[in-house]
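Descriptive structure summary
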Amino acid sequence: MKLDKRSIIFLLNILVFSLDSVLNYFYDFPVFVVSLLFYFVVLIVPGFFSFKKYHSFLIIILFFLLSFIFNTFRDGFYKESLSDFLFIISFFGSFYLFSDSISLKNNNKLILFFLLTTLLLFSGTYLGFDQNKWGNTIGLKTDDIEFSRSYRQGFFRKAHIASYFFTFTLLYFMNRLKSLKANKLTYIVTIVPLTYVIFITGSRTPIVVMFLGLILFYFKIKYLKYLIIFVVLSVGLIIFIDEALVLFSDTIIYQYITIIKTIFSNFERLSRIIIWASWWSEVKTFNLIDFVFGRGFNASIVANQKNVSNSIWFHNDFLSIFYSYGILPLIIYINLFVKIYKKHKKIIRSNVFIFLTFSGFWLSAFFNGFYYYYTVILLYLFYTMIYESNEVSDIRD
């Protein structure tokens, strides 16, 4: 099996990610972050991609690096800030690397290997190996329904990572089956197991963003009757939410519908509202220097410890980048999504699975975070979908 440089990078990331996940179950050592240092060096080598892309990439590095260096001198060096910088730069670098669909050579066997590897990592949860520290609080008697959660992640560092991987992998295989005009049985065999795994991870973000993505895609006049049915069912669920919570009280479904109850009865209890309120209270104290350079990623963790008694980041790429790096890096980050959409507008708008993948990227970035979730791997899946769809289109034409 001959691999091009993009597929080699994809494969290396799978292997390093797997090693990092298993090793960190026993020892706390950032294998993947260290690998990003080498990836960063490789990406800045001239000739790795076209000169035009290389020039744009260097400008992006410059803006983020200036903020990183400035805040390091101002507040000191923190490994969390370096990790954040490397993850976001790897996102931009991977975009420039994989977005050249002419040079990209799809490798379906490699993606199947990725799926099998991640399933193997997740299966550790059934053998007593699970990194989840939350446990299972579903069924506990408490007035705080948002406290009732169940997470499974196996050797994955976080349940969200497992959920992201399986969600976008499912979309990839759905798109491929559509291209191959597979029969219904093949769809069922693919969808059911992966959907089950996605749900039992316990992460609500992929479910929410897929739900919102479907609404955005089908929000068209020709789908009006389906939208009406959807609205009626949604209103019914809202009206009978208490009954639904009782019905699913001891199941994994419970934590996915509690959000509906919380939105309408205790909106301020939502974790994102609490964290984002912390962001706003900090941004109100920004001076001109902070607007230009931000305050650094580690400062966001300190701020949340002070404001919400929890050492976490803001769980929103856009808010976090503005707070950590300043206004210009935020504009650059937003522009990247705009650039992807403009370049592939036709296929994104016409293909539901590619649309859900793209919208899933920026919606995840808003509701939970995206660039921190191993985008080297996720962007490879996305651009392989585009390559394969274009290839099928060319054959049919």
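Residues numbered from 1 in each chain as written. Predicted model: local features only at pLDDT ≥ 70, side-chain atom pairs only at ≥ 80, totals over all residues. Heavy atoms only, no water.

**Here we look at the overall build of the chain**
Within the chain, the secondary structure is distributed over 19 helices and 0 strands. The C-alpha radius of gyration of the chain comes to 21 Å, within 12% of the 21 Å expected for a compact globule of 397 residues. In terms of overall dimensions, the chain has C-alpha extents of about 60 × 60 × 50 Å along its principal axes. Buried positions account for 51% of the 397 residues belonging to the chain. The contacts in the chain between residues at least 6 apart in sequence include a share of 76% that link residues at least 24 apart. On the chain, the mean spot of the 36 positive side-chain charges and the mean spot of the 22 negative ones are 9 Å from each other. (Helix = DSSP H or I, 4+ residues; strand = E, 2+ residues; numbered from the N terminus. Rg over C-alpha atoms; globule rule 2.2 N^0.38 Å. Buried < 20%, exposed > 50% of the residue type's maximum accessible area, 1.4 Å probe, protein only. Contact = heavy atoms within 4.5 Å. Lys, Arg positive; Asp, Glu negative; His and termini not counted. Charge placed at Lys NZ, Arg CZ, Asp CG, Glu CD.)

**What to know about the nonpolar core**
Counting 102 residues, the largest nonpolar core has F64 and Y333 as the members making the most contacts within it. Each residue touching F64, except ones within four places of it in the same chain, is listed here: F85, I88, I89, F92, I321, Y325, P329 and I332. In terms of nonpolar packing, the next biggest core, distinct from the first, is built from 9 residues, I241, Y254, I257 and I259 among them. (Core = buried A, V, L, I, M, F, W, Y, C linked by side-chain atoms within 4.5 Å.)

**Some thoughts on the pattern of salt bridges**
Scanning the entire structure with this criterion turns up 8 salt bridges. For D242, the salt bridge is made with K261, and the minimal N-O distance between the two is 2.8 Å. With a gap of 19 residues between them, D242 in helix α10 (residues 241–247) and K261 in helix α11 (residues 254–265) connect regions that are remote in the sequence. Counted as one network, the salt bridges with shared partners bring together R74, D75, E282, D290, R295 and K306. (Salt bridge = Lys/Arg side-chain N within 4 Å of Asp/Glu carboxyl O.)

**Here we look at the side chain of S94**
Looking at the secondary structure, you find S94 in helix α4 (residues 79–98). A distance of 2.9 Å separates a polar atom in the side chain of S94 from a polar atom in the side chain of Y39. Polar side-chain contacts of S94 include one of 2.6 Å to the backbone oxygen of S90. Apart from residues lying up to four places away in sequence, S94 is in contact with Y39, S99, V376 and L379. (Polar contact = N/O pair within 3.5 Å; in protein donor to acceptor, adjacent residues only side chain to side chain.)

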